[in-house]
Structure formats: C-alpha cells, structure tokens
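Here's the letter readout for the chains.
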Amino acid sequence: MSSISARLLVSTAVVLSIFFVLIAVSVSYSVHKRAEAALVDRLQGLIYGVLAATDVSANQQLLVSSDELPDPRLSQATSGLFVEMVNQDGQPLWQSQSSTSFIPTVAKTPVGEWVFDQIENDAGKRVHRLQLATVWEYNEGLELPFTIQAVSPAESLDVQLRQFDRSLWISLLISGIGLLLMQLWILSKSLKPLNTIGDELTQIEQGERDQLSNKVPTELAPLASSINTLLTSERNRHKQYRNLLDDLAHSLKTPISVLTNLGNSTTDAEKKGMIKTVDEQTTQMQSTLQRYLQRATQSTPQKLAAAISPLPVIERLASSLQKIYSNKTSISINDEHLFKVRLADADLYEILGNVLDNACKYGATAINVTLHAHNKTIVIDDNGPGFPQKLITHLTERGVRADSQIEGLGLGLAASTELMESYGGSLKLSAPDDLSGARVTLKFV
Amino acid sequence: MRALIIEDEQALREQLVEALREQGFAIDESGDGTEGLYLATTMPIDIAIIDLGLPGIDGLSIIKKLRAESCSYPVLILTARDSWQDKVDGLEAGADDYLAKPFHIEEMLARIRALLRRSGGFSESLLRFEGLSIDTRTQQVMVNDNLVSLTAYEYRVLAYLALNAGSVISKAVLLDHLYDEDTDRDPNVLEVFIRRLRQKLDPDKKLDPIETLRGRGYRLSLERSGE
C-alpha cells in the first residue's frame, strides 16, 4: 500500500469498526442484563404478592384468596403469566387460573434461595421462571415446606430487546459511515499540501517552475526549504564544475595560439617542417579540448536546469550577428506565444547561435525565426543555398558526433544537434515550404 | 594605420605585434588592462585588438569605457571563451568582431582588414575609386588597370588616405597613424612620401589623386566608384 491516504483511511476504518463493535456489544450486554434484573424484580413482587394472599388450612391445604391476587393476568387463562406452588414431592398445591397444561417441574433448591432461569415450554417457546423454596409455619410449630414458581413468557421482552439491538446497530453503523466520510474529508484536507508539493516537483521536472512555493504548512516548511536548498546547491555545483572545466580548457587556448603561430616568421625549411607538426598537433589538442569540454557540460543533470524563454536569446543573437555580418542578413522573429524551455542558457545560446551563424555564413540574406508554443518548436528558415541532401541524411543518423568533419557543415550545426539530443529534443534539417534555402527545426521537450 | 594590442600573454602579444608591423601598422601595445585603457582613450587608434581576460581592468570593461568616451574605431576581441553567450556579451559591450583562440594570425589579419574597410564604409577588400583601386588584401595598387609598385610606407600613406577618402587629414594625424610613438617623426619625410606617391600614381598629372590643402593637410579627392 503505497498511498498515505489509503493507509490512513484503511487504518481509521479498522479502528472505527472495532470501536463501534465493542460499543455495540457492551451496550447491548448491559441493557440485556438490566432488563433481566427488572424482570426478576417483577416476578419477585408477583411471588410476594401471591404469598401474601395465601393461607394454610388446618389440613395443610393452601388457600389463596383470588381477590387479593396481585396481578389480574393470573386469573386470565391466556395471559401466559402464572404462579404455581408445589410440595416437596412435586405435587401441585395451588395453581393460578392462568396455568396452562405446561407446568415446568421445580428444581430442588435450598430454602429461601431465589433461582431464575429460562426454559422452553411445550410449544417450544422460551419462558422466564423464578422459583423460591419456602416453609410455611402454621398451628404451633407445624411446618409446610413447598416451592413457589412464577413463569412469564419471554416473547415480549425478547421482541423489545431485539428491536433495541437493531436500532443500536443501525445508529452505530450510520455514525461509523459518517465518521469515515468526515475522516476522508479531513485526510484530503490535511494531505493537500503534500499533493501540492508532489505537483510542484513534477512541474520542476517538466521545467514549469524552478523552486517549491513557500505556501506550505509549518510542518512541511523545513522539507520544502530543504528541497529548495538542494535544488539551488545542485544548480550551483553544476555551474561551479562547468566553470572549472571551462577555465581549465580556456586557459590552455592562449598557449595553443602561440604554438599555432610559431612558424609565421621563420624561413628555415627544417624549422618550417617541425612547426607544421606542432601546428597539426595543436589543432588536434584544440579539437580534443573542445570535444571534452562539450561532453563534460552535456553529462550534467538537465532536469535541474531552470526554464528560460528563448525569445530574448534569439533577439540578442540576431543583433550580434547583424553586427558581425554588417547587416548583410536581415533576421525577423515571429513569436506565436511565449514559451519556456528547460536548458542551461549557455547551451541554448550555443544551439541557436550555431544555427543562425551557419545561415549568415552561407550567404543567406533573410532569416525567418518562428516560435511555435503549441509544440515547443523553433523553425529557422533562410534563403541561402540550402543543405546538400547528403548532409540532411547524415545528420538524421543517430550518434553523429560534434567533432565529425562533414563537408559543408560547420562544426556548429553538429554540435547543436548533439546538444539538442542531450536534452531529449531534436534538430532537423530540411528545405522550407517554398523549397528555396534551408530550414532548421528545433524541437524542445 | 595605428593598431592597439592589449594582450597579457607576452609570447602571443609579441607574435601579434610582429605580424601587424609586417603589415605596416604602427603599434601601441600593453599587457595590462589599466594601461591598455589609457592607450585606448588617448592615442589616435584606428583599430584595437583586445583580449578579454586581462589583469587590471578586464577587456569587456575597457571596451565599454572607450565606447563611453566616444572612441568609435573598430574593436576586435581576442578570447579563449568562444561560447555564443560570451560573443554576444562582447559584441553588446561595443566590440565589432570576435576571434576565438587559438587562431591563425592570417585569420586575425583578414578580420582586421575587414573591420577597417567596414569602418571606412567599404564592403569589399578592393577599395575602388575613379582610375585607382587598392586591394587591401594583397596591398596591390592599380592606376587605370596598371599595377603601380609602392614601398611599404607609400602604401600605408595611400591606404590611410583612401580609407578616410574625402576627409582632410592633417600631417600630424597622418604621422600619428603611421608611426609608432618611439619613431623619429619628421613632417618633411611625409612630404617626400606624398610627392613620390603623386609621381607614381599620376605621372602625367591627369588624375590628381591627392589634394594638398595648405595649412590643413591632405585629402584623397577621387570619387568612389561602384562596387
């Protein structure tokens, strides 16, 4: 189970269920006990009432005055409530008028002890019975031991208790469901900041934002701030490595320049030969340097790059190129909508600079740059001589290295292709729709 | 032509100075940003070659400052940092072109010639006037399609006047742009060069390419012809 909300919801549901079942069982048990105690009280009262209406005749006959009976139901044949007195041999001494054919046999119990139990009558229905063994003294020390039992039908009490149980369970079930729903709502409320952070992290990965927002609850603020610090420090470290590499590579270039131009003033043929070798070697050193410098910067985590808008980059490059090429080339920019791309800005400058410079270098007099926001594409058309077909097919092959020498292609275009691919994008060469000149399509992700 | 070189790597600076002297440039040089800025703003410079990483004041700041002081001569940046971002920064600071290290001196010379032509309003390496053409690349001068043989100094005087065609150039300015600081400058020598130039370019006195404006200086007065 990977979701926090699912875990919380399931555990809350389990706890709530156990809690409600325990409540239901204990409430039901105590209510049943109380009902039973009340029943015993009532039957005791009935037995005392019958005993009060009882007298013993001289010949050991029990005389019960029907007028003094405590409950009129004892005189009704169908009431189901009856009282019976039996002697020690089990012979009935007196039965109320309500007695039926079913007379439960009394148990032998010590004198003066109340016994309450539930039994089934002959029709299979449950009845409650309370019995008491007692001794009646009469005529100077003569004693008549007998047992009195009161029997009452369990049906009405059972129905009441069942109804109570049912309504108890229903109300607890409704409360449980209500509490669960409330818990769900509370969960979604309290987990919302976590979801927001998750969404923002996705946005950072997709290049739509640079940092987590500060609008987080106090408990999550340290986490958000730590993530932001991590992002910043990673970006800084990346920048630092890049700068270090850059410094290393660039500091070697001035000595290489000196070596390259050593032979300019000498006329000695032997020296010239030697210097030619130096020149060849320095050229190789230079291209190696360039290649590794590019590799090193490309192997950095691109997802950490901040999102930048390509428009200002294109505008700056355009005005710079117009300066270099003394306004021989006009560059027009059509931007549909502004959009952002997730690239290190130095890389974006390289990609676009190489493509635009290439167009100027090969004699285009007009360049059209069109930005398409809907598919994050920049299309650069020019009216120069266009690309040779060989080049178009060559560049579409995978794994073209920036240092591979291709006729008719400055190193720049291959470098731009490699850079675009390292960011998951692509650079495609083609002819524009009117088939004159060249079209470069840069697709960003 | 007077070129300013600001480059802190001595070996490279010496190579540049040598190559430019060979091309007939008068040179001001410095290995330090502060001194370089002083030279850039006080000397009659025609073109500056400036390295970006310098002790004292960095190259970009020098370019910004000399532009702020209305020095309008072309500036070529020399730098090991050849990324487009660096190029754009340099060009926006006021540089006119950009040369990434390592480079061949020939390429630098070609860029310098192009910048000088552009600042003189020429778009090709061939400066064409009525009856006279000067190839800044090969340093060959033709009068009515006949090759004229000039000495290095004669060529420099002519090229400077041609790149500033139509403007009056005083002797002092001409000397400033032709000679290094430490060279013995004699206005009489200049007059001798001008006289010899006139003889070589215009032996039958028909063209009259160089006008003398008494007390003010010289002017190349030929009309520019179509390019």
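Residues numbered from 1 in each chain as written. Chains lettered and ligands numbered in written order. Predicted model: local features only at pLDDT ≥ 70, side-chain atom pairs only at ≥ 80, totals over all residues. Heavy atoms only, no water.

1. Quick look at the overall build of chain B
Part 1: A tally of helices and strands in chain B yields eight helices and 11 strands.
Part 2: Here chain B, with 227 residues, has 51% of them falling under the buried criterion.
Part 3: Across chain B, contacts joining residues at least 24 apart in sequence account for 57% of those joining residues at least 6 apart.
Part 4: As displayed, chain B offers around 9,900 Å² of accessible surface, 44% of which is attributable to carbon and sulfur atoms. (Helix = DSSP H or I, 4+ residues; strand = E, 2+ residues; numbered from the N terminus. Buried < 20%, exposed > 50% of the residue type's maximum accessible area, 1.4 Å probe, protein only. Contact = heavy atoms within 4.5 Å. Areas by Shrake-Rupley, 256 points an atom, 1.4 Å probe, with all protein chains shown as cover.)

2. Things to note about the side chain of Asp97(B)
Part 1: When you line up the elements, Asp97(B) lands in strand β5 (residues 97-100).
Part 2: If we ignore the near neighbours within four places in the chain, the residues touching Asp97(B) are Ile324(A), Val75(B), Leu76(B), Ile77(B), Leu91(B), Arg111(B) and Leu115(B).

3. A short note on the confidence of the model for chain A
Residues and elements named next belong to chain A.
Part 1: With 91% of its residues at a pLDDT of 70 or more, chain A has an overall mean of 83.
Part 2: Of all helices and strands in chain A, the one with the weakest mean pLDDT is helix α8 (residues 389-396) (67), whereas helix α1 (residues 4-52) scores best (91).
Part 3: Segment residues 401-408 is flagged for pLDDT under 50; beyond a separation of four residues in sequence, or across chains, it makes 18 contacts in the model. (pLDDT = per-residue confidence, 0-100.)

4. Observations concerning the packing of helix α6 (residues 152-163) of chain B against helix α7 (residues 171-178) of chain B
Residues and elements named next belong to chain B.
Part 1: At a closest axis distance of 11 Å, the pairing of α6 and α7 adopts a crossing angle of 115°. Along this stretch, α6 crosses α7, giving a crossing that reads as right-handed. Residue-level contacts link Arg156, Val157, Tyr160 and Leu161 of α6 to Val173, Leu174, His177 and Leu178 of α7.
Part 2: Classifying every residue of the contact of α6 with α7 by side-chain character gives six nonpolar, one polar and one charged. (Axes fitted to C-alpha atoms, helices over the stretch in contact; angles between N-to-C directions. Left-handed = near helix turned anticlockwise from the far one by under 90°. Nonpolar A, V, L, I, M, F, W, Y, C, P; charged D, E, K, R; others polar.)

5. Observations concerning a nonpolar patch on the surface
Part 1: Residues Val10(A), Val14(A), Ile18(A) and Leu22(A) make up a contiguous nonpolar surface patch of roughly 360 Å² in combined accessible area.
Part 2: Relative to the helices and strands, Ile18(A) resides in helix α1. (Patch = residues over 30% accessible without salt bridge, like charges linked within 9 Å, V, L, I, M, F, W, Y side chains within 5 Å. Salt bridge = Lys/Arg side-chain N within 4 Å of Asp/Glu carboxyl O.)

6. A few points about the pattern of salt bridges
Part 1: Inspection of every chain in the model, using the stated rule, returns 23 salt bridges over all chains.
Part 2: Close ionic contact of Glu280(A) with Lys276(A) constitutes a salt bridge, the shortest N to O distance being 3.3 Å. Of this pair, Glu280(A) and Lys276(A) both sit in helix α5 (residues 269-298), separated by four residues, roughly a single helical turn.
Part 3: A relative accessible area of 43% places Glu280(A) in the partly exposed class.
Part 4: Residue class for Lys276(A) comes out exposed when judged on its relative accessible area of 54%.
Part 5: Its salt-bridge partner being Asp28(B), residue Arg2(B) comes within 2.6 Å of it at the nearest N-O pair.

7. Details of the side chain of Glu84(A)
Residues and elements named next belong to chain A.
Part 1: Here glutamate 84 shows up in strand β3 (residues 82-87).
Part 2: Of the side chains with opposite charge, arginine 129 comes closest to the buried, unpaired glutamate 84, at an N-O distance of 7.2 Å.
Part 3: In terms of polar contacts, glutamate 84 uses its side chain to reach the side chain of glutamine 95, at 3.2 Å.
Part 4: A polar contact of 2.6 Å, which involves the side chain of glutamate 84, links it to the side chain of glutamine 149.
Part 5: The contact partners of glutamate 84, leaving out residues within four places of it in the chain, are Pro92, Trp94, Gln95, Ile103, Pro104, Thr147, Ile148 and Gln149. (Lys, Arg positive; Asp, Glu negative; His and termini not counted. Polar contact = N/O pair within 3.5 Å; in protein donor to acceptor, adjacent residues only side chain to side chain.)

8. Concerning the interface of chain A and chain B
When the parts come together, some accessible area is lost, and that loss is often what is quoted as the size of the interface.
Part 1: Listed by partner, the interface residues are 31 residues for chain A and 27 residues for chain B.
Part 2: For the chain A and chain B pair, buried surface summed over both sides reaches about 2,600 Å², with 51% attributable to carbon and sulfur atoms.
Part 3: Its largest share of buried area at the contact with chain B, chain A owes to Arg316(A), Lys323(A) and Ile324(A), together 22% of the area lost on that side.
Part 4: Run the count over chain A and chain B and you get two salt bridges.
Part 5: Among the ionic pairs, Asp89(B) bridges to Arg316(A), the shortest N-O distance being 2.7 Å.
Part 6: Inspection of the region where chain A meets chain B yields 15 residue pairs in polar contact (both at pLDDT 80 or more). (Buried area = accessible area lost by both parts, 1.4 Å probe.)

9. Structural notes on empty space enclosed by the protein
Part 1: Counted according to the given criterion, the structure contains two cavities of 30 Å³ or more.
Part 2: Taken as a whole, the largest cavity holds about 190 Å³ of empty space.
Part 3: Taken together, 13 residues line the largest cavity, and the ones lying closest to its centre are Met1(B), Phe25(B), Leu116(B), Tyr155(B) and Ala159(B).
Part 4: Of all the secondary-structure elements, those providing two or more residues to the lining of the largest cavity are α5 (105-119) and α6 of chain B.
Part 5: Ranked by residue count, the leading element in the lining of the largest cavity is α6(B), at four residues.
Part 6: Along the lines of polarity and charge, the residues of the lining of the largest cavity split into six nonpolar, four polar and three charged.
Part 7: Lining the second largest cavity, in full, are Arg342(A), Leu343(A), Tyr423(A), Gly425(A), Lys443(A), Phe444(A) and Val445(A).
Part 8: In the lining of the second largest cavity, the residues fall into four nonpolar, one polar and two charged. (1 Å grid on protein atoms, 1.4 Å probe; cavity = no way out; pocket = protein on both sides within 12 Å on 5 of 7 lines; lining within 4 Å. Points joined across faces, edges and corners; volume = space filled by probe spheres on them.)

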